[in-house]
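Residues per chain, in single letters:
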Amino acid sequence: MSPSRSTLRNFLLAGWLALLASQAPAATWWNKDWPIRKKITVDPSAEGAAISEPIGAATVLLRLHEGNFAFGSAKEDGSDIRLVAEDDKTLLPFHVEKIDPLLNEAFVWVRVPEVKPGAPLRFWLYYGNPNAAAAGDPKASYDAETVAVFHFAEHGTAPGDATANANDAPAAGVAADGTIIGTGLRLDGRTFVKLPASLKWNAGAPLTWSAWVKLATLPPRGVLFSRREGANAFVIGADNGVPFVEITTADGTQRTPAGEPLVAGVWRHLAVVASGEKTTLFLDGEAYATLDAALPALNSEATLGGEAAEGSAENATRPAALTGELDELQIANVARPASALKFAAVSQGTSDQAAKLVAIGADEESGHAGEGELAKHLSLITDISKSLTFDGWVVITLCALLALVGGIVTLVKFFYLGKITRATNAFLQQWVSLSSDLSVLDHGDAQSVKSMGGKASSQTQKAMRPSPLYHLYQLGFAEIQHRVVNAREGFRGLSGRSMQSIKATLDGGLVREVQRLNSQLVFLTIGIAGGPYLGLLGTVIGVMITFAVIAKSGAVEVNSIAPGIAGALLATVAGLAVAIPALFAYSYINTRIKDAVSEMQIFIDEFVAKIAEAYPEAD
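For clarity, every value in this text was computed on a predicted model and none was experimentally measured.

Visitor: Just to check I follow, could you spell out the overall build of the protein for this structure?
Guide: Within the protein, the secondary structure is distributed over 11 helices and 21 strands. Counting the 619 residues in the protein, one finds 44% classified as buried. For the protein, contacts bridging at least 24 residues in sequence account for 72% of all contacts bridging at least 6. For the protein, the exposed surface amounts to about 29900 Å²; the carbon and sulfur share of it is 57%.

Visitor: In this structure, what is going on with the nonpolar core? I would like to understand it.
Guide: One recurring pattern in soluble globular proteins is that nonpolar side chains are buried together. In this structure, Leu195, Phe234 and Leu329 are the most contacted members of the largest nonpolar core, which totals 42 residues. At 5 residues, the largest contribution of residues to this core is made by strand β11 (residues 207–215). Met464, Leu472, Tyr473 and Tyr615 belong to the second-largest nonpolar core, a separate cluster that totals 39 residues.

Visitor: So what exactly am I meant to see when it comes to the pairing of strand β7 (residues 146–150) here?
Guide: Successive residues of a regular strand alternate their side chains across the two faces of the sheet. For β7, a buried count of 5 out of 5 residues is recorded, marking the element as mostly surrounded by other parts of the structure. As paired strands, β7 and strand β20 (residues 323–332) are joined by 4 bridges and run antiparallel to one another. Bridge assignment links Ala148 to a residue of β20, and that residue is Ile331.

Visitor: Any chance you could explain the sheet that holds strand β6 (residues 121–127) here in plain terms?
Guide: Whenever strands of a sheet pair, they do so through backbone hydrogen bonds, lying parallel or antiparallel. As summarised here, the arrangement of the 4 strands in space is β3-β6-β1-β21, forming an open sheet in which the pairing is antiparallel. Looking at the sheet topology across the chains shown, the edges are occupied by β3 (82–85) and β21 (358–365). Ignoring which end each strand starts from, the neighbouring axes of this sheet average 25 degrees apart. Note that strand β1 (residues 36–42) and β6 share 7 bridges and pair antiparallel. In the strand pairing of β6, Lys39 is matched with Trp124.

Visitor: What is the right way to read the packing of helix α5 (residues 390–435) against helix α9 (residues 496–518) from this model?
Guide: When two helices pack together, their arrangement is given by the angle between the helix axes and by the axis-to-axis distance. Taken N-terminus to C-terminus, the directions of α5 and α9 make an angle of 145 degrees; their axes are 10 Å apart at the nearest point. On α9, the residues that touch Lys413, Tyr416, Leu417 and Ile420 of α5 are Arg516, Leu517 and Asn518. Split into classes, the residues belonging to the contact of α5 with α9 amount to 4 nonpolar, 1 polar and 2 charged.

Visitor: Looking at this model, I keep getting lost on a nonpolar patch on the surface. Mind explaining?
Guide: A cluster of nonpolar side chains, contributed by Phe390, Val394, Leu398 and Leu401, occupies part of the molecular surface with about 390 Å² of accessible area. Looking at the element boundaries, Val394 is found in helix α5. The partly exposed category is assigned to Val394, whose relative accessible area is 36%.

Visitor: So what exactly am I meant to see when it comes to the pattern of salt bridges here?
Guide: Opposite charge on two side chains allows them to pair when their charged atoms are near. One pass over the full model with this rule turns up 17 salt bridges. Measuring nitrogen to oxygen at the nearest pair gives 2.7 Å for the salt bridge that ties Asp363 to Lys38. With Asp363 in strand β21 and Lys38 in strand β1, this pair connects stretches of sequence that are 325 residues apart. Residue Lys38 is classed as buried on the basis of its relative accessible area of 1%. A salt bridge links Glu307 to Arg228; the shortest N-O distance between them is 2.4 Å. Here the residue Glu307 occupies a position in the loop between β19 (302–304) and β20, and Arg228 occupies one in strand β12 (residues 222–229), the gap between them amounting to 79 residues. Taken together, the shared-partner salt bridges in this structure form one network comprising Arg221, Arg228, Asp239, Glu246, Arg255 and Glu307.

Visitor: Explain helix α8 (residues 468–485) here, please?
Guide: Structurally, the α-helix is built with 3.6 residues per turn, so residues lying three or four positions apart point the same way. With 18 residues, α8 extends 26 Å from end C-alpha to end C-alpha; this agrees with the ideal 26 Å at 1.5 Å per step. Three or more residues of α8 are buried, namely Pro468, Leu469, Tyr470, Leu472, Tyr473, Gly476, Phe477, Glu479, Ile480, Gln481 and Arg483. A distance of 3.3 Å separates the backbone nitrogen of Leu469 from a side-chain oxygen at the start of α8, and that oxygen is part of Ser467.

Conventions used here
- Residues numbered from 1 in each chain as written.
- Predicted model: local features only at pLDDT ≥ 70, side-chain atom pairs only at ≥ 80, totals over all residues.
- Heavy atoms only, no water.
- Helix = DSSP H or I, 4+ residues; strand = E, 2+ residues; numbered from the N terminus.
- Buried < 20%, exposed > 50% of the residue type's maximum accessible area, 1.4 Å probe, protein only.
- Contact = heavy atoms within 4.5 Å.
- Areas by Shrake-Rupley, 256 points an atom, 1.4 Å probe, with all protein chains shown as cover.
- Core = buried A, V, L, I, M, F, W, Y, C linked by side-chain atoms within 4.5 Å.
- Pairing = 2+ DSSP bridges.
- Axes fitted to C-alpha atoms, helices over the stretch in contact; angles between N-to-C directions.
- Nonpolar A, V, L, I, M, F, W, Y, C, P; charged D, E, K, R; others polar.
- Patch = residues over 30% accessible without salt bridge, like charges linked within 9 Å, V, L, I, M, F, W, Y side chains within 5 Å.
- Salt bridge = Lys/Arg side-chain N within 4 Å of Asp/Glu carboxyl O.
- Expected span 1.5 Å × (residues − 1).
- Polar contact = N/O pair within 3.5 Å; in protein donor to acceptor, adjacent residues only side chain to side chain.

On their own, these measurements won't tell you what the molecule is for.
So, in structure tokens, the structure goes:
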């Protein structure tokens, strides 16, 4: 086989396999009722957030927008959203904080297994099932150490605790739309949000406090979070924009040293971790300041947004109230590692690094109930086939038989043409050497002719045996041997009449080889010519019966006409499905046969010329 033909065949085969692979259904699909999914990749490696320390289990924020989520394919309330582990079997706890199909934005929190440094974690987001019931569970979305989570997504009602601990605020605050994660809490310097006394802190106990903060003003000793009971106090704030943690006990008050101040109007992630006798303030996941003081015992209410003046009305304020916005307050009774705070600060933010850390992949559509696009069409055709009449089934059965016979003939011819091409190449290698000196042949020895003067081994002879050129070669030398053996006065060369006779014998051999090459191709031509006519016959009969039934019943509706017409047209599709592949196969095989015939014609002319030169007629 020539290199160009081999390359073309391999290219066509690779393209066909690629097409099948692209249409094939996914290896696994969690539930066939959910037709759309997308892969979520959490990558803390250098390609993501470059977090090198263990993070542990985490609750990850998924920011969905029109660029990564088809809101038109999901239910308006997001109740069809499901989060599934990478094994495509295990459901992950999650809840939807907010979904707005008008603004095309949604915020989904999902609890994932351990996030390891340098190892991407992957899971699936499924949606698109219009019959799905809500399955979000905020209480299961956080670990047992998280004692309170406030999304501040409420309008006109008290902020609720998303965890199972029910540490809900007793009164409403002022909602702020359009914060860093949907709706947050507005800090107006007048309205404070109280957190319940059920959030009990023991002296020296571990604590992690975190929130997103955007300050509008930077006053002296501005208070963001305050908790006081007797001589003990725990305060988080910003003094002229410098974040601080202040701890007060019977021994006095201590504050973290000053660092770089905040900038007004910019969202920052603020966190405080108390561990033993040490309290650390973190800004955007990085250690900002450290205080050698333990958490004091506090069982009172806490205040967000400032501190109420003692002995005054509830809405009275000290001069140090902060204004701005606050969102996503989380409190845990464990000291989170710095890596976990870094992960939260990056993944919940809006930076380019956040998109790398939590990458939301493209939609993968199952097509029809979790199957591939090809399977969807096949399923639709199956539905249409239910409207086929008996005549249509007869036509389709005949087309299927034609397709089966044509496919078998095509495969047989492909293998046969490949075999004779390899055999011809092997023969021509031997012929080039032999044709330069035909005297090596002993015309009285048939084995010498088969072995091409003893140069072709038995293995080579076996390889050359299917070649039409090898058949013609043996046929020609059989004629020469006949004249050598039956020469009455000794062999004195080949006369012109003998050469014409040999040429006629070779031409006859050529005709028989061409007949062998063209054998059974008639089945392909029958498929090409007969398939469309059979299909058309089935369609005409189907349409005729459909209209006859409509005329008899008097029901003229699309629903009564469409199934019959679609079923009738299926017969034409079947006929074309037979004819088109048969046409392509026939064209390819016919071209290969023409090439083989041309090689035989060239060989006959060369053979006759070489024989005439090697055995001229004696004078």
